[in-house]
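Letter by letter, the chains look like this.
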Amino acid sequence: MKSIVIQQPNDLVIETRPLPEPVAGDVRVRITLAGICGSDSHIYRGHNPFAKYPRVIGHEFFGVIDAVGEGVDQARLGQRVSVDPVISCGTCYPCSVGKPNVCTSLVVLGVHRDGGFSEYAVVPAKNAWPVPDEIPDEHAVMIEPFTIAANVTGHAQPTEQDVALIYGAGPMGLVTVQALKGVYNVKQVIVVDRIDERLAMAQRSGADWVFNNRDRPVAAALAEKGIKPTLIIDAACHPTILQEAVSLASPAARIVLMGFSSEPSQVVQQGITGKELSIFSSRLNANKFPVVIDWLQKGLIDPNKLIAHRFDYHHVTDAIELFEKDQRQCCKVLLTFAQ
């Protein structure tokens, strides 16, 4: 089989590897589609401290089960599946309280263990989620990105009365817009970004008001309209955002951090306790695949609004470079494998 391998930072090859055989509890998936994420780019460029090389990248992937290991029901052969990249122990404290995404022995496919940028991948059977026939392949491969939004909204518990402010109109900000509007019917969703084309994507995804905070400070724009957000989501992850979010938030608001910067943030504690703000962080997803599959079946989200380009996997280098360089037009890029 052919696999996309990062040998070392900036050294990508497509190499021939033996066809893997599933062991007990595993299934082998013949990959159909895979999505490129920022974390794939970070591993390629050597910016992910958790990655070990050589590594087959890719944690957003979909395909068909073509072999099963011992103890796995033979009826699973031929199932269309989307793969949850989060592999957890199931017994540590985080797992016991429903947070396998921060398991003390966490393994993420495509980071700590070979992932889905390959013609075949062996994964735990419990991580291969059956996809109903009515969900098309290109939507199935987008389940994982939307689980990030499901994890965020699971923390924040949005309501129809909320006024939400999202920093950043990249893929993670955009999936969150769709969840807030399509699933939770949030009254007003505001998105700020510094790229006008990204803001246009946010509007297409359902945002009620977008503006460029390169031209206009967020605080001034909100003050003009007398808006105090009740839910603020940081999908841009600049170290200055947290303090600004604390300043802008309504009393009793929730703030969710979707990612991180390696630079420290300075936050005045009085702003947090004085308003009794709730601050959440969100990493990966905690058993959210069934949630997103349900959203798709009900037509509450539309992955097509994010898919910008498709490449045959042989052209993966071109695909990653486009993803990295064209932030104005490029959102989600898919790689095609078996058809």
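The structure this text deals with has already been given above.
Every chain's residues receive numbers from 1 upward, in the order its sequence appears when written. Reporting of local features is limited, given that this is a predicted model, to residues whose pLDDT is at least 70; pairs of side-chain atoms are given and counted only at 80 or more, and all residues count toward the totals for whole chains, interfaces and linings. Side-chain figures throughout are based on the complete set of non-hydrogen atoms in the structure, without hydrogens or water.

Bringing the environment of Gln 269 into the picture now. The way it works is that DSSP assigns letters per residue, a run of H or I at least four long becomes a helix, a run of E at least two long becomes a strand, and they are numbered from the N terminus. Summarising the element assignment, Gln 269 is placed in helix α9 (residues 269-275). The spacing of Gln 269 and Val 246 is 23 residues in sequence and 9.2 Å in space, taken between C-alpha atoms.

Here, a strand pair is defined by DSSP locating no fewer than two bridges between the strands. Taken in spatial order, the six strands line up as β13-β12-β11-β14-β15-β16 in an open sheet, and their pairing is parallel. The open sheet has two edge strands with one neighbour each: β13 (209-212) and β16 (278-281). Across the sheet, the axes of successive neighbouring strands diverge by a mean angle of 15°, strand direction being ignored. Bridging between strand β14 (residues 231-234) and strand β15 (residues 254-257) involves four bridges; their strand directions are parallel. Bridge pairing in β15 links Ile 232 to Ile 255. By the convention used here, residues are in contact when the closest approach between their heavy atoms is within 4.5 Å. For helices, the fitted line uses only the C-alpha atoms of the stretch in contact; every axis is such a line through C-alpha atoms, and the angle between N-to-C directions lies from 0 to 180 degrees. Where helix α4 (residues 143-156) meets the sheet, it contacts β14, β15 and β16, and its direction lies at approximately 150° from that of β15.

With their axes 9 Å apart at the nearest point, helix α5 (residues 171-183) and helix α6 (residues 196-204) run at an angle of 25° to one another. Here α6 runs roughly parallel to α5, going by the angle between their axes. Crossing of α5 against α6: the hand is right-handed. Every residue of α6 that contacts α5 at Pro 171, Leu 174 and Val 177 is listed here: Arg 198, Met 201 and Ala 202. When the residues that make up the contact of α5 with α6 are grouped by side-chain class, the tally is five nonpolar, no polar and one charged. Put simply, angles under 35 degrees are roughly parallel, angles over 145 are roughly antiparallel, angles from 65 to 115 are roughly perpendicular, and the rest are oblique. It is the rotation of the near helix from the far one that decides the hand of a crossing: anticlockwise by less than a right angle makes it left-handed, clockwise makes it right-handed. Residue polarity is assigned by list, with Asp, Glu, Lys and Arg as charged and Ala, Val, Leu, Ile, Met, Phe, Trp, Tyr, Cys and Pro as nonpolar; anything else, Gly included, falls into the polar class.

Put simply, α4 and helix α10 (residues 289-297) touch, their axes get as near as 9 Å, and they point 105° apart. By the angle class used here, α4 and α10 are roughly perpendicular. Here α4 contributes Ile 143, Glu 144, Phe 146, Thr 147, Ala 149, Ala 150 and Thr 153 to the contact with α10, which in turn contributes Phe 289, Val 291, Val 292, Ile 293, Trp 295 and Leu 296. Grouping the amino acids of the contact of α4 with α10 by side-chain chemistry returns 10 nonpolar, two polar and one charged.

By secondary structure assignment, the location of Lys 332 is in strand β18 (residues 332-336). Here a polar contact means two N or O atoms within 3.5 Å. Within protein one must be a hydrogen donor candidate and the other an acceptor candidate, and residues neighboring in sequence count only if both atoms are side-chain atoms. A polar atom in the side chain of Lys 332 sits 3.1 Å from the side chain of Glu 60. Leaving out residues up to four positions away in the same chain, Lys 332 has contacts with Ile 36, Cys 37, Glu 60, Met 142, Pro 145, Leu 306, Ile 307, Ala 308 and His 309.

Once that is clear, we can look at the pattern of salt bridges. Think of a salt bridge as a Lys or Arg side-chain nitrogen and an Asp or Glu carboxyl oxygen that are within 4 Å of each other. Within the structure shown, the criterion is met by 14 salt bridges. Of the charged contacts, one joins Arg 28 and Glu 21 as a salt bridge, the two residues approaching to 3.4 Å between their closest N and O atoms. Measuring nitrogen to oxygen at the nearest pair gives 3.1 Å for the salt bridge that ties Glu 60 to Lys 332. Remark: Lys 332 occurs in strand β18 and Glu 60 occurs in strand β5 (residues 60-68); sequence separation between them is 272 residues. Grouping residues by exposure puts Glu 60 and Lys 332 together as buried. A single salt-bridge network, built from bridges that share partners, covers Glu 15, Arg 17, Arg 55 and Asp 114. Relative accessibility under 20% of the residue-type maximum defines a buried residue, over 50% an exposed one, and the middle range a partly exposed one, all with a 1.4 Å probe and only protein chains included.

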